[in-house]
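Listed below, chain by chain, are the residues.
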Amino acid sequence: MKKIEKSVLFKIKGKEWAAKFFPEKQYQSLHGEDSSAITIGVSREIHFIKSDFSVKFCLHELFHAFIFESATESSSLTRDQSEELCCSLIGEHLEEIGLLSRRITDFFLSQRKK
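Cut-off values and rules
Position labels on residues start from 1 in each chain and follow its written sequence. Per-residue local features of the predicted model are confined to residues with pLDDT of at least 70, and side-chain atom pairs are confined, for both listing and counting, to 80 or more; whole-chain, interface and lining totals are unaffected and use all residues. Side-chain calculation: all heavy atoms of the structure are included, whereas hydrogens and water are not. Two strands qualify as a pair provided that DSSP identifies no fewer than 2 bridges between them. Numbering of helices and strands starts at the N terminus; helices are DSSP runs of H or I of at least 4 residues and strands are runs of E of at least 2. With axes taken as lines fitted to C-alpha atoms, and helix axes fitted only over the stretch in contact, angles between N-to-C directions fall between 0 and 180 degrees. Should any heavy atoms of two residues lie within 4.5 Å, those residues are counted as being in contact. Throughout this description, the term salt bridge denotes a Lys or Arg side-chain nitrogen within 4 Å of a carboxyl oxygen of Asp or Glu. Only protein chains enter the calculation, and the probe is 1.4 Å; a residue is then buried if its accessible area is under 20% of its type maximum, exposed if over 50%, and partly exposed in between.

## Considerations on the sheet that holds strand 4 (residues 45-49)
And then number 1: Pairing in this open sheet of 4 strands is mixed, and the strands run 1-2-4-3 from one edge to the other. Each end of this open sheet is capped by a strand with a single partner; those strands are strand 1 (6-12) and strand 3 (37-40). Taken pair by pair, the neighbouring strands of this sheet meet at an average axis angle of 20 degrees, ignoring direction.
And then number 2: Its contacts with the sheet put helix 1 (residues 24-31) on strand 2 (15-22), strand 3 and strand 4, and the angle it makes with strand 4 is roughly 130 degrees.

## Quick notes on the pattern of salt bridges
When their charged atoms lie close together, side chains carrying opposite charge are able to pair.
And then number 1: With the rule as written, the count across this model stands at 3 salt bridges.
And then number 2: With a shortest N-O distance of 2.7 Å, glutamate 45 and lysine 20 are connected by a salt bridge. In this pair, glutamate 45 sits in strand 4 while lysine 20 sits in strand 2, placing the two residues 25 residues apart along the sequence.
And then number 3: Overall, the relative accessible area of 17% leaves lysine 20 in the buried class.

Have a look at this one:
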């Protein structure tokens, strides 16, 4: 199996995370064919298919990571509580999520040129 060719480290709420970029076949052997990106909270990693990477996927997965770091994966939230969590994430972390997305995207684009 091929090695991961690209990876970037960053912090979310003080915890170290990694964004990893996989060749399509390797990604699919790990995660199946139903997605182009996935957040794995327990290992604090976001995996992307290199050829399908997009800012949209990056932002989507970063929101998953922030939700994971908000310790909601083991709680049962009501609809109102879920809505409040989403609004809090946007209100408190939108700028940070945007900056992280830009950092990951810039890293990806710089590595593509090599």
